[in-house]
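If you want the building blocks of each chain, they are given just below.
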Amino acid sequence: MSLKNNRLRLASVAVTVALAGLATAGPAVAATQQTVAGASAGVQGQAVAIPTDFVDLPTSPLSADSASHEFTVTYRNESSADRTVAPQLLVESPDEGPFLTPADIKLERRTTHGCWEAVQVGTQSGTLFTDLSTAQRTLHAGDTLTQVYRLTVVNPQAKGTVAPRVALYG
């Protein structure tokens, strides 16, 4: 069997295992799982990071007052080694509905230059979420991650909860 066939078989197994895990992980890693499928189709034999844990930060009710509200995701790497992390903002619908859609909100992220840039959100089972794969960064030992988001609700009937958190890798 050729090396190319082995790589294709390994990539196929990795995608199958990753997608099977999605059923139990829910929207928390949905963005990462979509990246896994895309990576296996495009680049063979390249490892894709999947979160091993999440640090949940305090939640807030979704404020549908048409004003912009800032949410800060902060995490300090207390270990003695570098760690890959990714800030994530979830906007969860009420259990009884109605479910939120990406059109219900406008989400922005503050860049390192202090400007605001639009953030696209994914959606699964009534939860809106930011992509983990594009937010990954290496946090050196003792360093602190601080990511500021600005959320504006454009649908006055929207209800839900804002749940910031940090994905941990490895």
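Rules and cut-offs
- Residues numbered from 1 in each chain as written.
- Predicted model: local features only at pLDDT ≥ 70, side-chain atom pairs only at ≥ 80, totals over all residues.
- Heavy atoms only, no water.
- Helix = DSSP H or I, 4+ residues; strand = E, 2+ residues; numbered from the N terminus.
- Phe/Tyr/Trp six-rings, centres within 6.5 Å; stacked < 30°, edge-to-face > 60°.
- Lys NZ or Arg CZ within 6 Å of the ring centre and 35° of its normal.
- Buried < 20%, exposed > 50% of the residue type's maximum accessible area, 1.4 Å probe, protein only.
- Pairing = 2+ DSSP bridges.
- Salt bridge = Lys/Arg side-chain N within 4 Å of Asp/Glu carboxyl O.
- Core = buried A, V, L, I, M, F, W, Y, C linked by side-chain atoms within 4.5 Å.
- Contact = heavy atoms within 4.5 Å.
- Polar contact = N/O pair within 3.5 Å; in protein donor to acceptor, adjacent residues only side chain to side chain.
- Axes fitted to C-alpha atoms, helices over the stretch in contact; angles between N-to-C directions.

Novice: Would you mind showing me how to read unusual backbone geometry here?
Specialist: Across the chain, the bulk of peptide bonds are trans and the bulk of non-glycine residues have phi less than zero. Residue G97 is joined to P98 through a cis peptide bond whose omega torsion reads -5 degrees. Residue position: P98 is located in the loop between β4 (83-92) and β5 (105-110). Its identity as a non-glycine residue notwithstanding, S66 has a phi of 70 degrees, on the positive side. With respect to the element layout, S66 can be found in the loop between β2 (60-61) and β3 (68-76). We note that S125 has phi near 50 degrees; this positive angle belongs to a residue other than glycine. Turning to its location among the elements, S125 is positioned in the loop between β7 (121-124) and β8 (127-130).

Novice: What is the right way to look at the packing of aromatic side chains in this model?
Specialist: Here the distance between the centres and the angle between the planes together describe a pair of aromatic rings. Applying the stated rule across the entire model yields zero aromatic pairs. The ring of F54 is capped by R165, whose NZ or CZ atom sits 4.4 Å from the centre of that ring.

Novice: What am I meant to see in the pairing of β4 here?
Specialist: Moving residue by residue along a regular strand, the side chains alternate between the two faces of the sheet. By the criterion of burial, β4 is predominantly enclosed, with seven of the 10 residues buried. One ladder, built from three bridges, connects β4 with strand β9 (residues 137-139); its direction is antiparallel. Each bridged residue has a counterpart across the sheet, and for R83 the counterpart in β9 is L139. With nine bridges connecting them, β4 and strand β11 (residues 161-169) associate as antiparallel partners. Across the sheet, residue P87 finds its bridge partner in β11, namely V166. For β4 and β8, the ladder comprises three bridges, and the chain directions are antiparallel. Each residue of the ladder has a partner; that of V91, found in β8, is L128.

Novice: Teacher, can you tell me more about the pattern of salt bridges here?
Specialist: A side chain of one charge can pair with a side chain of the opposite charge when the charged atoms of the two come close. Within the structure shown, the criterion is met by five salt bridges. In this structure, the salt-bridge partner of R109 is E117, at a minimum N-O distance of 3.1 Å. Residue R109 is classed as buried on the basis of its relative accessible area, which comes to 18%. The class for E117 is partly exposed, based on a relative accessible area of 35%.

Novice: Sorry if this is basic, but what is going on with the nonpolar core here?
Specialist: Note that soluble globular proteins tend to have their nonpolar side chains buried in a common cluster. Formed by 23 residues in total, the largest nonpolar core has its most connected members in L62, I105, L107, L151 and V166. Broken down by element, the residue count for this core peaks at four residues, all from strand β10 (residues 144-153). For V166, the residues in contact, after removing those within four places along its chain, are D53, F54, V55, L57, V73, T74, Y75, V85, A86, P87 and L145. Counting residues in hydrophobic clusters, the runner-up holds five residues, among them A86, L132, A167 and Y169.

Novice: Would you mind going over the side chain of Q147 with me for this structure?
Specialist: The topology assignment puts Q147 in strand β10. A residue is classified by how much of its surface remains accessible, and Q147, at 5% relative accessible area, is buried. Among the polar contacts listed, one links the side chain of Q147 to the side chain of R137, at a separation of 3.4 Å.

Novice: Explain the environment of Q147 to me, please; I cannot follow it from the model alone.
Specialist: For the pair formed by Q147 and T74, sequence separation is 73 residues and the distance between their alpha carbons is 6.6 Å. Sequence-distant contacts of Q147, that is, excluding residues within four places in its chain, are made with F71, T72, V73, P87, R109, R110 and R137. Of note is the side chain of Q147, whose polar atom sits 3.2 Å from the backbone oxygen of R110.

Novice: Is there a simple way to explain the sheet that holds strand β6 (residues 116-118) in this structure?
Specialist: Strand pairs in the sheet, formed through backbone hydrogen bonds, run parallel or antiparallel to each other. Spatially, the four strands line up as an open sheet ordered β3-β10-β5-β6, and their pairing is antiparallel. A single partner strand is all that each edge strand has here, and the edge strands are β3 and β6. This sheet shows a mean twist of 30 degrees between the axes of neighbouring strands, independent of strand direction. Bridge analysis of β5 against β10 gives five bridges, and the strand direction is antiparallel. Bridge pairing in β10 links R109 to Y149.

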